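Spelled out, the chains give:
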Amino acid sequence: YMAVLLTIGRVAKATGCTVQTIRYYEQIDLIPAPDRSVGNQRIYEPCHVDRLYFVKHARELGFSLAAIRELLSLSEDPNQSCAAADIIARDQLAQVERRITQLESLKTELERMIKQCSGGRIEDCRVIEVLGDHHQCLTNHKNAVG
């Protein structure tokens, strides 16, 4: 009986990460480079999969790569205080709350534009008119996306 080799394709499928993402995380040292087979194929260990799950989940929660790197570093010393991790999470929460406020502003502006659209011809379309002239917007949403 031989264990199934964890190739990059299998790891990608298991974690939901793309092969390119896995390679990128290796390049920037978020995950350690795996050993290579005699044929120079990457051979991953379960610890690589666990680390990828950690990184993927953190990305889904909006953490920056720098914050993830710091959280990974903290996780390597499980006996230390979690105060630093708490600060990172609180900062991320504050960023999410700011984005929610900006997105609510965008939602209000889009609803207003749609409500004012008469459903007639493009030349009379309020949506097109407002998009063409930012001064008609009632909200400041320049930094709400991206």
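Above this text sits the structure in question.
Keep in mind that what you see is a predicted model, and the values were worked out from it rather than measured.

So, the packing of aromatic side chains
Item 1. Within this structure, the stated rule accounts for one aromatic pair.
Item 2. Between Tyr24 and Tyr25 the ring centres are 6.1 Å apart and the planes differ by 45°, which places this aromatic pair in the tilted class.
Item 3. Taking the relative accessible area as the measure of exposure, Tyr24 reaches 39% and is therefore partly exposed.

Observations concerning the nonpolar core
Item 1. Within the largest apolar cluster, 20 residues are counted, with the highest numbers of intra-cluster contacts made by Ile22, Leu52, Phe63 and Ile68.
Item 2. Of all the secondary structure elements, the ones that give two or more residues to this core are α1 (8-15), α2 (19-27), α3 (46-60) and α4 (65-75).
Item 3. Tallying contributions element by element places α4 first for this core, with five residues.
Item 4. Once you skip the residues sitting within four places of it in the chain, Ile68 turns out to touch Leu30, Val55, Ala58, Arg59 and Phe63.

Digging into the environment of Gln116
Item 1. Assignment of secondary structure puts Gln116 in helix α5 (residues 83-116).
Item 2. Along the backbone, Gln116 and Val127 are 11 residues apart, and their C-alpha atoms lie at a distance of 7.9 Å.

Considering the side chain of Arg112
Item 1. One can find Arg112 in helix α5.
Item 2. There is a polar contact of 2.6 Å between the side chain of Arg112 and the side chain of Glu109.

A word on the packing of α3 against α4
Item 1. Two elements in contact, α3 and α4, have axes whose closest approach is 10 Å; the angle formed by their N-to-C orientations is 135°. It follows from the interaxial angle that α3 and α4 lie oblique. Crossing handedness for the pair α3 and α4: right-handed. For the pair α3 and α4, the contacting residues are Arg51, Phe54, Val55, Ala58 and Arg59 in the first and Leu65, Ile68, Leu71 and Leu72 in the second.
Item 2. Its residues assigned to classes, the contact of α3 with α4 shows seven nonpolar, no polar and two charged.

Digging into unusual backbone geometry
Item 1. Phi at Asp29 is positive, roughly 65°, even though this residue is not glycine.
Item 2. Counting through the fold element by element, Asp29 comes out in the loop between α2 and β1 (35-36).
Item 3. Of note, Asn40 is a non-glycine position whose phi angle comes to about 70°, a positive value.
Item 4. Along the chain, Asn40 turns up in the loop between β1 and β2 (42-43).
Item 5. With relative accessibility at 51%, the residue Asn40 sits in the exposed group.

Quick notes on the rules
Residues numbered from 1 in each chain as written. Predicted model: local features only at pLDDT ≥ 70, side-chain atom pairs only at ≥ 80, totals over all residues. Heavy atoms only, no water. Phe/Tyr/Trp six-rings, centres within 6.5 Å; stacked < 30°, edge-to-face > 60°. Buried < 20%, exposed > 50% of the residue type's maximum accessible area, 1.4 Å probe, protein only. Core = buried A, V, L, I, M, F, W, Y, C linked by side-chain atoms within 4.5 Å. Helix = DSSP H or I, 4+ residues; strand = E, 2+ residues; numbered from the N terminus. Contact = heavy atoms within 4.5 Å. Polar contact = N/O pair within 3.5 Å; in protein donor to acceptor, adjacent residues only side chain to side chain. Axes fitted to C-alpha atoms, helices over the stretch in contact; angles between N-to-C directions. Parallel < 35°, antiparallel > 145°, perpendicular 65-115°, else oblique. Left-handed = near helix turned anticlockwise from the far one by under 90°. Nonpolar A, V, L, I, M, F, W, Y, C, P; charged D, E, K, R; others polar.

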